[in-house]
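Structural overview
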Amino acid sequence: MRQSAGRRSTTAWAALAIVLLTFAVTLDALAQPAPPAKESAEQVCKACHEPYFATYAASKHGTKTDQRAPATRGGCIACHGEGSLEHAAKGGGKGTGALNLSSKTVSPQTKNDVCLACHKGGKRVHWTTGTHAARDVTCSSCHTVHTNHDPTRDKLTQSETCFKCHKEQRVQINRTYRHPIREGLVACSDCHNPHGSASPKMMVRDNVNDTCYACHMDKRGPFVRTHQPVQEDCSICHNPHGTTNPNLLKARQPFLCQQCHEPTSHRGNFATLSGTSTGANTLARGCANCHTNIHGSNNPANISNERTFRR
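Attention here is on the structure that accompanies the text.

1. Quick word on the overall build of the protein
On a plain count of helices and strands, the protein comes out with 16 helices and 2 strands. For the protein, with 311 residues in total, the buried portion stands at 25%. Partitioning the contacts of the protein with sequence separation of at least 6, the portion at a separation of at least 24 is 39%. With the model as given, the accessible surface of the protein reaches about 21300 Å², and the carbon-plus-sulfur share is 58%.

2. Quick word on the layout of surface pockets
Its boundaries defined by the atoms lining it, the second largest pocket holds a volume of some 190 Å³. Looking at the second largest pocket, it is lined by 13 residues, and the ones nearest its centre are Gln109, Asn112, Trp127, Thr128 and Ala133. The set of elements that each furnish at least two residues to the lining of the second largest pocket consists of helix H6 (108–116) and helix H7 (131–134). With 5 residues, the single largest contributor to the lining of the second largest pocket is H6. Of the residues that constitute the lining of the second largest pocket, the class distribution is 6 nonpolar, 5 polar and 2 charged.

3. Focus on H6
When we look at burial in H6, the residues that qualify are Lys111, Asn112, Val114 and Leu116. The elements touched by buried residues of H6 are helix H4 (76–80) and helix H8 (139–142).

4. Brief notes about the environment of Ala41
Inspection of the secondary structure puts Ala41 in helix H2 (residues 41–48). Along the backbone, Ala41 and Gly75 are 34 residues apart, and their C-alpha atoms lie at a distance of 7.3 Å.

5. Points about unusual backbone geometry
Residues Gly221 and Pro222 are joined by a peptide bond in cis, for which omega reads 10 degrees. Summarising the element assignment, Pro222 is placed in the loop between helix H12 (208–213) and strand S1 (225–226). Here the residue pair Gln253 and Pro254 is connected by a cis peptide bond, since its omega of 0 degrees sits within 30 degrees of zero. Position of Pro254 among the secondary structure elements: in the loop between helix H13 (228–232) and helix H14 (255–258). At Lys201, a residue that is not glycine, the phi angle is positive and equals roughly 60 degrees. Tracing the backbone through its elements, the reader meets Lys201 in the loop between helix H11 (188–191) and H12. Positive phi outside glycine occurs at Met202, with the angle close to 55 degrees. Tracing the sequence through the fold places Met202 in the loop between H11 and H12. A residue is classified by how much of its surface remains accessible, and Met202, at 13% relative accessible area, is buried.

6. Quick notes on the packing of H2 against helix H3 (residues 50–58)
Relative placement of two packed helices is described by the angle separating their axes and the distance separating the axes. Between H2 and H3, the least distance of the axes is 6 Å, while the angle of their chain directions is 130 degrees. Judged on the interaxial angle alone, H3 and H2 are oblique. Listed contacts from H3 to Glu42, Lys46 and Cys48 of H2 are Glu50, Phe53 and Tyr56. Across the contact of H2 with H3, the residue classes tally to 3 nonpolar, no polar and 3 charged.

7. Some thoughts on the environment of Asn239
Considering the arrangement of structural elements, one finds Asn239 in the loop between H13 and H14. Among the residues examined, Asn239 registers a relative accessible area of 15% and is labelled buried. Each C-alpha atom, one on Asn239 and one on His179, is 10.0 Å from the other, the two residues being 60 residues apart in sequence. Once you skip the residues sitting within four places of it in the chain, Asn239 turns out to touch Gln172, Leu248 and Lys250. A polar side-chain atom of Asn239 sits 3.0 Å from the main-chain amide nitrogen of His241.

Thresholds applied
Residues numbered from 1 in each chain as written. Predicted model: local features only at pLDDT ≥ 70, side-chain atom pairs only at ≥ 80, totals over all residues. Heavy atoms only, no water. Helix = DSSP H or I, 4+ residues; strand = E, 2+ residues; numbered from the N terminus. Buried < 20%, exposed > 50% of the residue type's maximum accessible area, 1.4 Å probe, protein only. Contact = heavy atoms within 4.5 Å. Areas by Shrake-Rupley, 256 points an atom, 1.4 Å probe, with all protein chains shown as cover. 1 Å grid on protein atoms, 1.4 Å probe; cavity = no way out; pocket = protein on both sides within 12 Å on 5 of 7 lines; lining within 4 Å. Points joined across faces, edges and corners; volume = space filled by probe spheres on them. Nonpolar A, V, L, I, M, F, W, Y, C, P; charged D, E, K, R; others polar. Axes fitted to C-alpha atoms, helices over the stretch in contact; angles between N-to-C directions. Parallel < 35°, antiparallel > 145°, perpendicular 65-115°, else oblique. Polar contact = N/O pair within 3.5 Å; in protein donor to acceptor, adjacent residues only side chain to side chain.

Printed below as a string of structure tokens:
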């Protein structure tokens, strides 16, 4: 009995010693300062590139609630590559790992591949075969990434981006008759797809006419008789970027019409106020004085008027 009581006493003292030791270790651990939290890759970049980080964080790319944004896919590394870690480890400096998308030594294709990794398909499905890609235009040539307001995506300022290269159109858009591009009511991208298109002139739609008809539906028809240039290409008669003639015509009437219609019969007469009826044909608005349905006619009651696009 005595031996059994002794063993119980020994066990109790051992248990108490273990509890006290555990308690002491816990107190010691609590007394130690907590290790510093590991910095995120973004915070490492921010430490040196504060201005760039601030604009990035305010942009759509920095939106952490958007699963498509770089902010949720590695932050700066998502665009500037894993080499950014080496760049930070070596204390920064040019040419130390990180992909510098503004560097002239980086090929346009490499730069564009970074953007197309996320922005692929949709309006950019024809990018690789487009004129801009063939001429080594990069996404950053037009778009400002580190900003919450990209001027190229703003209708009011988009044209300035295009006019940096398309200088002839800059002149045309300041002529008397033009589309309201300067006012921001029409943008270049309403008609053209700068990211590439299977259509001529990088049109948004299948051809020039379909693009024009998107707004000018009354010119689409169908008509019983359609003016042939209207069927072929609106730009035969009109310059959509701007002209000095009403209705965006490339030349005044009747000179525009006479480019196709040889000056025979009344078409070659001089305009007069009191002359013959054929002479009066070319007064004021010229040919459209009589040929009012110049885009197409639905006048089956009078086959002559229908053929000549008169009322």
